[in-house]
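The chain contents come next:
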Amino acid sequence: MSCAIDRKKLSRSGGDFIDEAHLHELLRRQTDPGEVRDVIAKSLAKRPLQPEEAAVLLATEAPDLIEQIFDAARQLKRDVYGNRIVLFAPLYIGNECTNDCQYCAFRRSNREQIRRTLSPEELRRQVVALEDRGHKRLIVVFGEHPRYDAAFMAECVRQIYSIKSGHGVIRRVNVNAAPLDHEGYKILKAVGIGTYQIFQETYHHETYAKVHPKGTLKSDYLWRLDGLARAMEGGCDDVGLGVLFGLYDWRFEVLGLVTHALHLQEHYHCGPHTISFPRLRPAQGVQLDESHLVGDHEFKRLVAILRLSVPYTGLILTAREPPEVRREVMEFGVSQIDAGSRIELGGYTEAGDAQSMEREQFQLGDIRPLDDVVRELMIDGFIPSFCTACYRLGRTGEHFMEFAIPGFIQNFCTPNALTTLMEYLVDYASPETRTAGEAAIRREVEKLTDGDRKQQLLDRLHRIAESNERDLYY
Ligand code: SF4
């Protein structure tokens, strides 16, 4: 398989916009408390930060200033996202891969990994299992392999949207897969995917070359870096960035993410829909280089600083992290989490209580059932949401920025979150979770301003609880 990538197929904004010398220089600068407070004030005004400003937050080590960064991230999270946490589940469809990424159990040189691609019938069974647990949003994951071209991925997405089980239905399918050319993205947009995610893994060129061996498709730094610009030009306007924290200096990677977000905003008038920040985890046959591993305190700082840097970009905290870390980090700006996740191929019908590393990409930190996570979120004062309204009403890409309109949360997000939560409570929740959920809904409705929207919401909640009506959203 030739690994020559056609440079003519790059996006119109194609080019390596990661200036390492500049980013390293920013991280060497000394900062003073006044600068830190000025940057925090800009964030709280919901204005995205420049790398120079994010570097000010990254450079400070003073405990009192770090506490101010944490407080500001909590505040901004409440101001922009309220107390909603959107829930989804990952669904691995195939782990064949031609790449040889040194941190991944799916790498081609790992002969111990059990290779599998779900058949249409196996895919149907996984989706029914997910629907019967109450999931409405999925992210489907593929290795990089000729078998998983755009047409194959599109057929999987089309099939997933067609599967129903009682009131069960998947209303949004996001994709995490290899970079495509423009035509590939058009094929996926045509079947109605949500977000297309591509993780750069590391923005540090030398580290990138070290962990992505020459001669593999993924060794092409620029083709990958340009991947989401091509996605936007191909019509996939909800895109997701990500870094695998632990490969290189976490401060540098945060600046890489901020630079990438601004690059998309500048060229496509729309920043990324989401940013993910997975930390390196044990994986079958992987010898972890521990020199850049990120500790829990630094992890909280990077989430808080990302929150302050990209106010309108969703932050995804995955089940890589153990429950106690997730619970603590959630308040610093996370807006989406997966729950009840199994990443073994066929895992939602075949996996037992223990994880089987020979069938998964890395080890998960949190495999608690969805019902336990939903209940814990509500105990912690969050509203679990399965909402997909914006995406289905075309409020995507730069149109998503309506989000910034004052009152958007009160009039759209919170009511939609509560109706999807009521669906979950009535159709899937354990009695314990239903009791906690009904109390949470009463608590949230009481906070809403009296008026037509509140009355409509109360009517919708009643109809969901007392009839077979479902999918009521604004
Ligand atoms: S990280 Fe992705 S591309 Fe790399 S080996 Fe694993 S599945 Fe393949």
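Per chain, residue numbering runs from 1 following the sequence as it is written. Thresholds applied to this predicted model are a pLDDT of at least 70 for local features of residues and 80 or more for the giving and counting of side-chain atom pairs; totals over whole chains, interfaces and linings are not thresholded and use all residues. Side-chain descriptors were evaluated using all non-hydrogen atoms of the structure, hydrogens and water having been removed beforehand.

1. Examining the packing of aromatic side chains
- In this analysis, rings of Phe, Tyr and Trp, with Trp reduced to its six-membered ring, are considered paired at centre separations within 6.5 Å, and the interplanar angle assigns stacked below 30 degrees, edge-to-face beyond 60, and tilted for intermediate values. Applying the stated rule across the entire model yields 11 aromatic pairs.
- Aromatic pair Tyr 92 and Phe 106: ring centres 5.9 Å apart, planes at 80°, arrangement edge-to-face. One end of the pair, Tyr 92, is in strand 1 (residues 84-94); the other, Phe 106, is in the loop between strand 1 and helix 5 (120-131), and 14 residues separate them in sequence.
- On the basis of relative accessible area, Tyr 92 is assigned to the buried category, the value being 7%.
- Relative to Phe 252, the ring of Tyr 248 lies with its centre 5.3 Å away and its plane at 85°, an arrangement referred to as edge-to-face.
- An aromatic cluster of three or more residues is present, and its members are Phe 142, Tyr 148 and Phe 152.
- The criterion is that NZ of a Lys, or CZ of an Arg, lies within 6 Å of the ring centre and within 35 degrees of the ring normal, and then a charge sits over that ring. When the ring centre of Phe 412 is taken as reference, the NZ or CZ atom of Arg 453 above it lies at 5.3 Å. Secondary structure elements are defined from DSSP: runs of H or I of at least 4 residues count as helices, runs of E of at least 2 residues count as strands, and each element is numbered from the N terminus. Only protein chains enter the accessibility calculation, which uses a 1.4 Å probe; a residue is then buried when its area is under 20% of its type maximum, exposed when over 50%, and partly exposed in between.

2. Section: helix 1 (residues 20-28)
- Those residues of helix 1 that fall on the buried side of the exposure criterion are Glu 20, Leu 23, Leu 26 and Leu 27. Seen end-on, helix 1 carries its buried residues on one side only, within an arc spanning 125°. Projecting away from the buried face of helix 1 at angles above 90 degrees are the exposed residues Ala 21 and Arg 28.
- The inward-facing, buried residues of helix 1 contact helix 3 (51-59), helix 8 (205-211) and helix 11 (250-268). Note that the arc is defined by the directions from the helix axis to the C-beta atoms. Throughout, a contact is declared for two residues whenever any of their heavy atoms are within 4.5 Å.

3. Let's talk about the domain arrangement of the chain
- By the assigned domains, the chain splits into domain 1 (20-76), domain 2 (82-398) and domain 3 (403-466).
- Spacing between the C-alpha centres of domain 1 and domain 2 amounts to 27 Å.
- At the junction of the two partners, domain 1 supplies 25 residues and domain 2 supplies 27 residues.
- Roughly 2300 Å² is buried in total at the junction of domain 1 and domain 2, and carbon and sulfur atoms are behind 72% of that figure.
- The term buried area means the drop in 1.4 Å probe accessible area that two parts suffer when joined, counted for both and summed. It is Glu 20, Leu 58 and Phe 70 that lose the most area in domain 1 upon contact with domain 2, and together they represent 26% of the buried surface on that side.
- A pairing counts as a salt bridge when a side-chain nitrogen of Lys or Arg comes within 4 Å of a carboxyl oxygen of Asp or Glu. For the interface between domain 1 and domain 2, the tally reads 3 salt bridges. By convention here, the domain bounds are inherited from an automatic or database domain assignment.

4. Some remarks on unusual backbone geometry
- If you check the backbone angles, Lys 46 has positive phi at about 60° while not being a glycine.
- Tracing the sequence through the fold places Lys 46 in the loop between helix 2 (33-44) and helix 3.
- With a relative accessible area of 31%, Lys 46 lands in the partly exposed category.
- For Asp 471, which is not glycine, the phi torsion reads 60° and is therefore positive.
- Its location among the elements puts Asp 471 in the segment after helix 19 (452-466).
- For Asp 471, a relative accessible area of 30% puts it in the partly exposed group.

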